[in-house]
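Survey of secondary and tertiary structure
Read off the chains here:
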Amino acid sequence: MIAKARTRTTVTASALTGLILLALTACSGSGRSDPATGDPVPLPSPTTTKQAMSEKNLGYMWPLNVDHGTAECRDNDQAVFTVPDGTTYALNDRAREAGYADIDPVRASGDGGGKVSIGVLLSRTMKLCRPA
């Protein structure tokens, strides 16, 4: 019972951290006005802790300079993204603390020159921490 409560607390804390990161990253980046995908294909509801994602799913909100990869929630609160070359990057502080490389090398630059926000990608990845 105590372990279940701790897990629930950890997931809640992770979700709050994700929302804070979403707010912070949303303010700091610039968007892209001409995405390769104008009409995104919705992602299905997650059923596991891992899900393939691509620019086709997020359209102009796709924050990376690779067009696809695999988002995953590891150890209940580590949001990571694996790019086609097999490199796994951290999307949140918990994943960085666990030793995953920062996502910045594959983050796209927006029209204003700043990095595109990873907020939407992080939010979708955190949903994998509690699959249906």
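Structure's up top.
A few points on the structure.

Calculation criteria
- Residues numbered from 1 in each chain as written.
- Predicted model: local features only at pLDDT ≥ 70, side-chain atom pairs only at ≥ 80, totals over all residues.
- Heavy atoms only, no water.
- Pairing = 2+ DSSP bridges.
- Helix = DSSP H or I, 4+ residues; strand = E, 2+ residues; numbered from the N terminus.
- Contact = heavy atoms within 4.5 Å.
- Axes fitted to C-alpha atoms, helices over the stretch in contact; angles between N-to-C directions.
- Salt bridge = Lys/Arg side-chain N within 4 Å of Asp/Glu carboxyl O.
- Buried < 20%, exposed > 50% of the residue type's maximum accessible area, 1.4 Å probe, protein only.
- Core = buried A, V, L, I, M, F, W, Y, C linked by side-chain atoms within 4.5 Å.
- Disulfide = S-S within 2.5 Å.

1. Regarding the sheet that holds strand S5 (residues 101-102)
Backbone-to-backbone hydrogen bonds pair the strands of a sheet. The strands run either parallel or antiparallel. With mixed pairing, the 5 strands of this open sheet are ordered in space as S1-S2-S3-S4-S5. Of all strands in the sheet, those with a lone pairing partner are strand S1 (50-54) and S5, marking the two edges. Sheet topology places strand S2 (residues 68-74) next to strand S3 (residues 78-82); 5 bridges connect them, and they run antiparallel. Looking across to S3, one finds that Glu72 is bridged to Val80. Along the sheet face, helix H4 (residues 119-126) touches S1, S2 and S3 and points at about 115° away from the line of S3.

2. Quick word on the pattern of salt bridges
Evaluated as defined, the whole model comprises 6 salt bridges. The shortest N-O distance in the salt bridge between Arg96 and Asp93 comes to 2.6 Å. Placement of both Arg96 and Asp93 in helix H3 (residues 93-97) is noted, with a separation of 3 residues, approximately one turn of the helix. A residue is classified by how much of its surface remains accessible, and Arg96, at 30% relative accessible area, is partly exposed. On the accessibility criterion, Asp93 (36% relative accessible area) is partly exposed. Each of Asp77, Arg94 and Glu97 takes part in a single network of salt bridges with overlapping partners.

3. Some details on the nonpolar core
Generally speaking, soluble globular proteins have nonpolar side chains that are buried together. Of all hydrophobic cores here, the largest spans 21 residues; its most connected members are Met53, Trp62, Leu64, Phe81, Leu91, Ile103 and Leu121. Sorting elements by how many residues they give to this core places H4 first, with 3 residues. The contact partners of Met53, leaving out residues within four places of it in the chain, are Leu43, Trp62, His68, Gly69, Ala71, Phe81, Leu121, Arg124 and Thr125.

4. Section: the state of the cysteines
A complete count under the given rule lists 1 disulfide for this structure. The disulfide that involves Cys73 links it to Cys129, with 2.0 Å between the sulfurs. Since a negative S-S torsion denotes a left-handed disulfide, the Cys73-Cys129 link at about 95° is right-handed. Remark: Cys129 occurs in the segment after H4 and Cys73 occurs in strand S2; sequence separation between them is 56 residues. The residues Cys73 and Cys129 share a single accessibility class, namely buried.

Read these as geometric descriptors, not functional statements.
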